[in-house]
Amino acid sequence: MKGIELKAGDVVVVLPQSFFKSEPNGVVQVGGHAVPASLIYAAWALGADQGVKVGLALGGGGSLLVLLGAWLLLKARRRLKGV
């Protein structure tokens, strides 16, 4: 099967060229099963969408934690100066 090869360390993923067309057709070999490329593409798109949402939530939460930590440090510093 022709496709685009992606390598990450020891892992090699071959994506069919149909992934990058407007209408994904064909099949992807997953183990001993031939899975329609449209199904793989839909799962991939859903995973990417969920990954973006999780990344945004973690980034926003991380920023709030940093701001809270800075605020607490400033508050503790003012208290120590006052003593």
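Counting from 1, residues in each chain are numbered in the order their sequence is written. The model is predicted, so local features are restricted to residues of pLDDT at least 70 and side-chain atom pairs to those at 80 or more, both for listing and for counting; the totals for chains, interfaces and linings are taken over all residues. Excluding hydrogens and water, the side-chain values take into account all heavy atoms of the structure.

The next subject is the overall build of the chain. Put simply, DSSP marks the helices as runs of H or I at least four residues long and the strands as runs of E at least two long, and each gets a number from the N terminus on. If you tally the helices and strands in the chain, you get 1 helix and 4 strands. Counting from the amino terminus, the chain carries its helices and strands in the arrangement β-β-β-β-α. For the exposure calls, accessible area comes from a 1.4 Å probe over protein chains only, and a residue counts as buried if that area is under 20% of its type's maximum, exposed if over 50%, partly exposed in between. The 83 residues of the chain split such that 10% are buried. Considering only intrachain contacts with a sequence separation of at least 6, the fraction spanning at least 24 residues in the chain is 12%. Note on definitions: a residue-residue contact is assigned when non-hydrogen atoms from the two residues lie within 4.5 Å.

Here we come to the pairing of strand 2 (residues 11-16). Two faces make up the sheet, and in a regular strand the side chains alternate between them. By the bridge criterion, 6 bridges tie strand 1 (residues 3-8) to strand 2 in an arrangement that is antiparallel. When the sheet's bridge partners are listed, E5 is paired in strand 2 with V14. Here, any two strands with at least 2 DSSP bridges between them count as paired. Where strand 1 folds back on strand 2, the antiparallel hairpin that results is connected by 2 residues, among which G9 adopts a positive phi of roughly 70 degrees.

Attention now moves to a nonpolar patch on the surface. Residues I4, L6, V11 and V13 make up a contiguous nonpolar surface patch of roughly 310 Å² in combined accessible area. Going through the elements one at a time, strand 1 and strand 2 are the ones with two or more residues in the nonpolar patch. Tracing the backbone through its elements, the reader meets V13 in strand 2. We classify V13 as partly exposed; its relative accessible area is 37%. To count toward a patch, a residue needs a relative accessible area over 30% and no salt bridge; like charges are then connected within 9 Å, while nonpolar side chains (Val, Leu, Ile, Met, Phe, Trp, Tyr) are connected within 5 Å. Accessible surface area values rest on a Shrake-Rupley calculation with a 1.4 Å probe, where residue burial reflects the displayed protein chains alone. Salt bridges are defined as contacts in which a side-chain nitrogen from Lys or Arg sits within 4 Å of a carboxyl oxygen from Asp or Glu.

Once that is clear, we can look at the confidence of the model for the chain. For the chain, mean pLDDT is 77; residues scoring 70 or higher make up 83% of the total. For every residue, the predictor states its confidence as a pLDDT score lying anywhere from 0 to 100. The least confident element of the chain is strand 3 (residues 27-30), whose mean pLDDT is 70; the most confident is helix 1 (residues 37-82), at 84.

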